[in-house]
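# Breakdown of the fold
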Amino acid sequence: MKKLFAILVVAVLAVTLVACGPSEVTATGYGITHKSYVGEVVMTVDKDGKVVSASVEEYYLPYNFAVVAVEEGAEVPTDVVIGNSHGVKYFAKYVSINGVLFTAADNAEGLPVYTGADGSELLAWVADEANAKAYVDGIKAATVFVADETGAQHATYATPASVELFTKTGTNYGGDNWNWAEQVAAFATALVGTTMNGTATQNADTGVWSLDDVETGATMVDFEQYYAVAQRAYATATAE
């Protein structure tokens with residue numbers, strides 16, 4: 001009789017756990033943020049579909065980590081290209097991403113165009129969430145680096161020495177000019193309690209963004225790109 005009672009208790013408990021399900025789910029979204037960075041939003045959602053917490057990180061693409069210093073008047077190496085990222089700069093011509101060699105072309109009017117050996121253009125490639133995730137995973141696995149024409153890690157042009165140095169958090173992005181950490185914190189806080197279906201609008205006078213009628217305190221230029229990545233995290237967290 002005791003054995004039968006114990007079995008019944010276990011069965012009832014199992015049914016209860018299945019019926020209740022997890023009270024919170026955490027998921028991650030990936031995609032382009034601020035035009036030329038890979039954003040990562042980690043989000044926790046409760047059983048009612050409301051955001052409990054969120055955080056933002058951004059990872060550098062070669063437009064930041066593959067900049068090569070060339071002294072004025074010096075001969076320009078054959079394995080660098082010219083681009084315009086907040087002023088004319090030189091960039092390593094080759095970058096390896098998870099075993100695929102990307103080669104850059106000059107673009108004095110904007111960012112250099114990196115094209116993979118498989119024909120993919122870098123910015124278009126990371127616009128896909130699965131590829132953006134693979135890029136971040138590659139940084140963490142040290143399979144993203146400045147390369148030479150053979151695909152080996154470049155002997156002279158440095159690759160960031162740690163995952164942190166590939167991120168805006170780890171490099172104190174913005175410095176004294178613009179408080180990036182404060183901005184993304186305000187953005188993330190504004191998502192709490194929502195179901196991620198708001199409409200983003202920007203006050204033309206103050207530059208502050210609102211979600212529906214709630215001011216976020218954030219003034220980031222590409223707020224809607226960040227919100228789109230956060231919606232990806234939400235969709236994953238709430239998927240059945």
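The preceding data block contains the structure.
Residues numbered from 1 in each chain as written. Predicted model: local features only at pLDDT ≥ 70, side-chain atom pairs only at ≥ 80, totals over all residues. Heavy atoms only, no water.

What follows is about the sheet that holds strand 8 (residues 100–105). In a beta sheet, neighbouring strands are held together by backbone hydrogen bonds and run either parallel or antiparallel to one another. The strand order across the open sheet built from 4 strands is 9-8-7-10, with neighbouring strands paired in antiparallel fashion. The outermost strands of the open sheet, each flanked by one partner alone, are strand 9 (113–116) and strand 10 (144–146). Within this sheet the neighbouring strands show an average axis-to-axis angle of 25 degrees, counted without direction. In this structure, strand 7 (residues 94–97) lies alongside strand 10, joined through 3 bridges in antiparallel fashion. Within strand 10, the residue paired with Ile97 across the bridge is Val144. (Pairing = 2+ DSSP bridges. Helix = DSSP H or I, 4+ residues; strand = E, 2+ residues; numbered from the N terminus. Axes fitted to C-alpha atoms, helices over the stretch in contact; angles between N-to-C directions.)

Residue His34 is not a glycine yet carries a positive backbone phi of 50 degrees. For His34, the position within the fold is in the loop between strand 1 (24–33) and strand 2 (37–46). His34 gets classed as partly exposed once you look at its relative accessible area, which sits at 25%. Located in the positive-phi region is Met196, a residue other than glycine, with phi close to 60 degrees. Mapped onto the elements, Met196 comes out in the loop between helix 5 (180–191) and strand 11 (200–202). Given the relative accessible area of 4%, Met196 is considered buried. (Buried < 20%, exposed > 50% of the residue type's maximum accessible area, 1.4 Å probe, protein only.)

So, about the side chain of Asp79. Turning to its location among the elements, Asp79 is positioned in the loop between strand 4 (67–68) and strand 5 (80–84). Despite its burial, Asp79 pairs with no opposite charge; the closest candidate is Lys93, at 8.6 Å N-O. Reaching out from Asp79, the side chain makes a polar contact with the side chain of His154 at a distance of 2.9 Å. With sequence-adjacent residues up to four places away left out, Asp79 is seen in contact with Phe91, Ala92, Lys93, Tyr94, His154 and Tyr157. (Lys, Arg positive; Asp, Glu negative; His and termini not counted. Salt bridge = Lys/Arg side-chain N within 4 Å of Asp/Glu carboxyl O. Polar contact = N/O pair within 3.5 Å; in protein donor to acceptor, adjacent residues only side chain to side chain. Contact = heavy atoms within 4.5 Å.)

Now for the sheet that holds strand 12 (residues 209–211). Read from one edge to the other, the open sheet built from 3 strands follows the order 11-12-13, with strand pairing classed as antiparallel. Two strands in the sheet have a free side with no partner beyond their single neighbour: strand 11 and strand 13 (214–215). In this structure, strand 11 lies alongside strand 12, joined through 3 bridges in antiparallel fashion. Across the sheet, Ala200 pairs through a bridge with Leu211, a residue of strand 12. Against the sheet, helix 6 (residues 223–238) engages strand 11 and strand 12, with an angle of about 35 degrees to strand 12.

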